[in-house]
Amino acid sequence: MVNPISYTPGQDPMQPRPFRVVRAIRETADVVTLELEAQSGPPLAFQPGQFTMLYVFGVGEVPISISGDPHKPARLVQTIRRVGLVTEALCKLGRGDVVGVRGPFGSHWPLEQARGGDVVIVAGGIGLPPLRPAIYHILHQRQDYGRVYLLYGARTPADLLFPEELKRWQHTLAHAPGASPVRVTVDRAEGGWDGAVGVVTSLIPVLPIDPLRTTALMVGPEVMMRFTISELRKRGIPEENLYLSMERNMKCAVGFCGHCQYGPHFICKDGPVLAFPRVRDWITRKEV
Amino acid sequence: MSKAGLEHYLGEHPFFRGMRPKDLAWLAELAEPLALEVGDYLYREGDESKDFYLIQEGLVRLEIHTPGRGELVIQTLGPGEVLGWSVMLPETRKTFDARIFQATRLLAFDAAAVRKHSEEDHHFGYELCKRFSRVIGERLQATRLRLLDLYGQPH
Ligand SMILES: Cc1cc2nc3c(=O)[nH]c(=O)nc-3n(C[C@H](O)[C@H](O)[C@H](O)COP(=O)(O)OP(=O)(O)OC[C@H]3O[C@@H](n4cnc5c(N)ncnc54)[C@H](O)[C@@H]3O)c2cc1C
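Residues numbered from 1 in each chain as written. Chains lettered and ligands numbered in written order. Predicted model: local features only at pLDDT ≥ 70, side-chain atom pairs only at ≥ 80, totals over all residues. Heavy atoms only, no water.

1. Quick notes on the overall build of chain B
Of the regular secondary structure elements, chain B holds 4 helices and 6 strands. Each helix and strand of chain B, placed in order from N terminus to C terminus, yields the pattern α-α-β-β-β-β-β-β-α-α. Against the compact-globule benchmark of 15 Å for 155 residues, chain B has a radius of gyration of 17 Å, which places it among compact chains. Taken along its principal axes, the extent of the C-alpha atoms in chain B is 55 × 35 × 30 Å. (Helix = DSSP H or I, 4+ residues; strand = E, 2+ residues; numbered from the N terminus. Rg over C-alpha atoms; globule rule 2.2 N^0.38 Å.)

2. With respect to the sheet that holds strand β10 (residues 196–197) of chain A
Residues and elements named next belong to chain A. Within the open sheet, the 7 strands sit side by side as β10-β9-β8-β7-β11-β12-β15. Their pairing is mixed. Every other strand in the sheet has two partners, leaving β10 and β15 (273–275) as the edge strands with one partner each. Contacts from helix α3 (residues 128–140) reach β7 (118–124), β8 (148–154) and β11 (214–219), with the element oriented near 155 degrees to β7. (Pairing = 2+ DSSP bridges. Contact = heavy atoms within 4.5 Å. Axes fitted to C-alpha atoms, helices over the stretch in contact; angles between N-to-C directions.)

3. A closer look at the pattern of salt bridges
All names here are of chain A. Counted according to the given criterion, the structure contains 27 salt bridges over all chains. With a shortest N-O distance of 3.3 Å, D30 and R81 are connected by a salt bridge. You can see D30 sitting in the loop between β1 (17–28) and β2 (31–38) and its partner R81 sitting in strand β5 (residues 76–81), a full 51 residues away along the chain. In this structure D30 comes out as buried when scored by relative accessible area, which is 12%. (Salt bridge = Lys/Arg side-chain N within 4 Å of Asp/Glu carboxyl O. Buried < 20%, exposed > 50% of the residue type's maximum accessible area, 1.4 Å probe, protein only.)

4. Some remarks on the nonpolar core
Residues and elements named next belong to chain A. Counting residues in hydrophobic clusters, the biggest one holds 36 residues, and the most contacted among them are W109, I121, L128, L150, Y152 and L217. Secondary structure elements with two or more residues in this core: α2 (111–114), β7, α3, β8, α4 (163–172), β9 (182–186), β11 and β15. Of all the elements, α3 adds the most residues to this core, at 6 residues. Not counting residues up to four positions away in its chain, the partners in contact with Y152 are A123, G125, L128, D159, L160, L161, L166, R183, V184, T185 and V200. Core analysis: the next-biggest nonpolar cluster, separate from the first, contains 26 residues, V120, I204, L232 and I237 among them. (Core = buried A, V, L, I, M, F, W, Y, C linked by side-chain atoms within 4.5 Å.)

5. Re the domain arrangement of chain A
Residue and element names in this part refer to chain A. Each assigned domain of chain A is listed with its residue range as follows: domain 1 (1–107 + 248–273) and domain 2 (111–245). Between domain 1 and domain 2, the C-alpha centre-to-centre distance is 24 Å. Each side of the interface is counted separately: domain 1 has 23 residues, and domain 2 has 20 residues. In this assembly, domain 1 packs against domain 2 so that about 1600 Å² is buried in total across both faces, 62% of it on carbon and sulfur atoms. Among the residues of domain 1 in contact with domain 2, T28, S67 and H71 are the three that bury the most area, contributing 25% of the side total. Where domain 1 packs against domain 2, one counts 0 salt bridges. Put simply, domain 1 and domain 2 have 3 residue pairs in polar contact (both at pLDDT 80 or more) between them. If you list the elements that add at least two residues to the side of domain 1 that touches domain 2, you get β1, β2 and β5. Looking at the side of domain 1 that touches domain 2, the element that brings in the most residues is β5, giving 4 residues. Each residue belonging to the side of domain 1 that touches domain 2 can be placed in one class, and the counts come to 11 nonpolar, 8 polar and 4 charged. (Domains from an automatic or database assignment. Buried area = accessible area lost by both parts, 1.4 Å probe. Polar contact = N/O pair within 3.5 Å; in protein donor to acceptor, adjacent residues only side chain to side chain. Nonpolar A, V, L, I, M, F, W, Y, C, P; charged D, E, K, R; others polar.)

6. Quick notes on the pairing of strand β6 (residues 98–105) of chain A
Residues and elements named next belong to chain A. Among the 8 residues in β6, 7 count as buried, and that is most of the element. As judged from the 4 bridges shared by β1 and β6, these two strands associate in the antiparallel manner. Along β6, the bridge assignment pairs P18 with G100. The pairing of strand β3 (residues 51–56) with β6 spans 4 bridges and is classified as antiparallel.

7. Some points on helix α1 (residues 3–12) of chain B
Residues and elements named next belong to chain B. When α1 is considered as a whole, its buried residues turn out to be L6, L10 and G11. Angular distribution of buried residues about the axis of α1 spans 135 degrees; they occupy a single face of the element. Facing away from the buried side of α1 by more than 90 degrees, the exposed set consists of A4 and H8. Next to the buried residues of α1 lie α2 (21–30), β3 (51–66) and β6 (97–110). (Arc of directions from axis to C-beta.)

Shown next, in the form of structure tokens:
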């Protein structure tokens, strides 16, 4: 694993570095993956779960999680859903375009701590990209983990991200033949779709895991995460083994501005990855 | 599976766990194992609700036919899940088709026998009603979550 660093040494964390788009992959109607290379200086080493601030010159800057392989930091890979001004500009970028990058910032998934036990990864919608680096890391050190499951919920089959990798992971993540580690479900399907239909939380009650030795990682809409936590707790997974990534919006990314304050935490520097007990008192409140 | 094996299996299953040994023995006696192939219908819309089912293996799709749009999938149910919560109500009819999507093994329990036994032994009936209430609650919660369209575009 690469050395954890919070931002590139010797670099002003407020100063974006230019990165060039080497590949833009249209994943779905509203999601694009950008592969970026530093125009100068070292590549950006990161830990799974960390994010960068991506700056589109003349438009604005947004936090985006890193979705690439932490063992291959030469290319910075980020997956973006078009929701507003800046993400729309990012999704329109093509090969050769330049963006500003600050980071990496934030906390990371507890992959060291999860060693030796089972791992349940729960992703909803655009929640899969921030979890992909954790999956890559587990695949690199597969023997260090027990049973590993990816539960992934999307709106429709056309919204599923990384379908080819999902198929590959069905074999490469398996702890034993026929284990079916990748379980995908969609909210809505007509014809053509041969998988499950229903909410991602309905996949939890029947999951064969050893709850006391299970770590759960989740990213998705906050309501989905609340229901996911409730189902995982019903299975007996200790609260301190439940980790979520809080993707509330932020501005400075280094704990100065307070824009992303969530109860006593600043998502940008204490998060985005937080253990459930740290957010338990805040996650159901509206005005935090 | 032997009768003793079946009793043990039901006792370990999250749906029946905690029921009295004599209830598990009664249910094991009633359980009828079924194996269905892809494309088979377990039941169709309008059929009388004759059984409830415990899926052991496979995938069952609840569908409804809509003119012009074909089969719409309401939900899929897989291993460990219970299908047919309406059996506790007499004279109900199925509101969806249940079609086999992956080769399925399941246990079927005769609804009329379960209702009759519940009337005779209210403790048994109450335990079963509690369990079906939980299933109904879970389905309702799942439906509400899907109504929220959580993965849709923020507005
Ligand atoms: C730590 C972190 C990691 C993130 N990782 C990713 C990622 O990997 N991929 C990705 O596509 N997005 C990610 N996001 C969300 C992304 O930053 C926002 O979508 C982006 O800032 C929106 O900017 P905009 O100018 O395009 O839209 P705006 O014009 O600012 O907003 C458009 C609409 O999107 C809503 N919105 C904005 N930000 C968020 C948010 N954080 N959560 C939910 N709704 C929001 C607004 O309420 C509004 O309705 C992440 C956010 C955080 C805090």
